[in-house]
Amino acid sequence: MIIVNEDWCKGCGMCIERCPVKALEQSDKLNRRGVYPPRLKENNNCNYCRLCELICPDFAITVIPDENLLKKTVKPKLIPVRRVRA
Amino acid sequence: MQELSAELIRKKYLRDEMWPSIFCNGCGIGNVLDYTLRAIEELNLDLDEIVFVSGIGCSSRLPGYINADGLHTTHGRAIAFATGVKAVNPDLKVIVFTGDGDCAAIGGNHFIHAIRRNVDITVIMVNNFIYGMTGGQLAPTTPIGSRSTTSPYGNIEPPFDLCELAKVIGAPYVARWTVSHPYRPIKSIKRGIEKKGFAYIELLTPCPTAYGRRNRLGDIKELWKWYDENTILIEEYERIMKYGSDEEKERASKMIKIGVFQDIEKPEYFEEYYKLIDRLKEGGK
Ligand SMILES: Cc1ncc(C[n+]2csc(CCOP(=O)(O)OP(=O)(O)O)c2C)c(N)n1
Ligand code: SF4
Ligand code: SF4
Ligand code: SF4
């Protein structure tokens, strides 16, 4: 489950952008700031890796792992290992 | 222990009435706070043992958001105030939030001398390549070619590499990461807080309003991507400089190095100071 503290969200979209399994989308309801906070897509692909929560600059997302749903957590690429190719 | 979540951070560490923060949409300063609080939680520290100190700038507003004692001081003087706090009560953990302008320009001398003395503080430097709060003037960290309000045709001044500087003056812990990858910054902040002596952690932080927009780095997503594409791990940099082709070397030399620059042990200033006092009390000379 994902709890979005809607009025704290500024709508930067980085959670949606960086989710390794593209489980998030913009919701269709504007918050008080006039932006669309994220929500889980109907077809829930979330594996509770918590990256969206970590990357949100405004503490607006909390990820609560679903006990009954035993999906494997796929750790996203988190260490910046960029190779230089000429 | 309950797994740390944003909701828990909010309850335990944040001053609710100050939120949502004043930072612009897409600004990375909130991430710096997030990573710092997660490091503190992982170290199991009590907020009463910590004092947050900052100077002036967007980044220096951070102590105001934390439900702990903090000093929001004058421009460039955060490290001087932090040294004062440490002098009065060496048992406190002192964490400094400072901007690149605050730390490298007006506060440059405090920075080098606190490192030279090796005062036991943790300096978290928010490097957004620009003076954010005052509308985007050139900072000593602005990359060559970048546009700012005071370099409208592109910067011609070579920037400071504060990690290299801190390293040569002998700071026991020096690291630089980008905020776009959370785990390494958290680890480094933990290590920095634990380190006896001066710890310098620089976090490359997007500022879409004053820097990104003026330099046409695209929307927030593009800007965040810029940080991934223009940074290189020190180990990889060194490998290329040894074994790479000329083209690879050329490309790598244009990128910003990230990683742990230094991790050593050294005598800490106030430990030495109190040892001296004890020696004199016992009638020594
Ligand atoms: C003595 C003094 N000189 C100048 C200023 C104006 N001033 C306020 S913030 C700032 C620069 C802040 O830049 P930085 O430290 O990089 O922080 P950022 O806002 O980018 O986070 C300046 C020059 C001031 N407040 N006090
Ligand atoms: S927890 Fe991970 S998988 Fe789930 S929405 Fe967040 S980033 Fe995506
Ligand atoms: S990262 Fe946070 S502020 Fe940005 S869109 Fe997602 S929830 Fe909103
Ligand atoms: S001006 Fe830049 S540094 Fe300041 S809050 Fe806005 S994005 Fe962040």
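Notes on the structure follow. (Residues numbered from 1 in each chain as written. Chains lettered and ligands numbered in written order. Predicted model: local features only at pLDDT ≥ 70, side-chain atom pairs only at ≥ 80, totals over all residues. Heavy atoms only, no water.)

**As for the side chain of Arg50(A)**
So, point 1. Here Arg50(A) is to be found in the loop between strand E3 (38-40) and helix H2 (51-55).
So, point 2. For Arg50(A), a relative accessible area of 9% corresponds to the buried category. (Helix = DSSP H or I, 4+ residues; strand = E, 2+ residues; numbered from the N terminus. Buried < 20%, exposed > 50% of the residue type's maximum accessible area, 1.4 Å probe, protein only.)

**Some thoughts on the packing of aromatic side chains**
So, point 1. Applying the stated rule across the entire model yields 15 aromatic pairs over all chains.
So, point 2. Where Trp226(B) meets Tyr227(B), the ring centres are 5.2 Å apart and the plane angle is 75°; that geometry is what we call edge-to-face.
So, point 3. Note on Phe270(B) and Tyr273(B): the rings are 6.1 Å apart at their centroids and 85° apart in plane angle, and the pair reads as edge-to-face. With a gap of three residues between them, Phe270(B) and Tyr273(B) both fall in helix H12 (residues 269-281), about one helical turn apart.
So, point 4. With relative accessibility at 36%, the residue Tyr273(B) sits in the partly exposed group.
So, point 5. Site record: aromatic cluster; members linked through ring pairs are Trp8(A), Phe59(A), Trp19(B), Phe23(B) and Tyr65(B).
So, point 6. Sitting above the plane of the Trp8(A) ring, Arg10(B) keeps its charged end 4.2 Å from the centroid.
So, point 7. Across the ring face of Tyr269(B), the terminal group of Arg117(B) is positioned such that the distance to the ring centre comes to 5.8 Å. (Phe/Tyr/Trp six-rings, centres within 6.5 Å; stacked < 30°, edge-to-face > 60°. Lys NZ or Arg CZ within 6 Å of the ring centre and 35° of its normal.)

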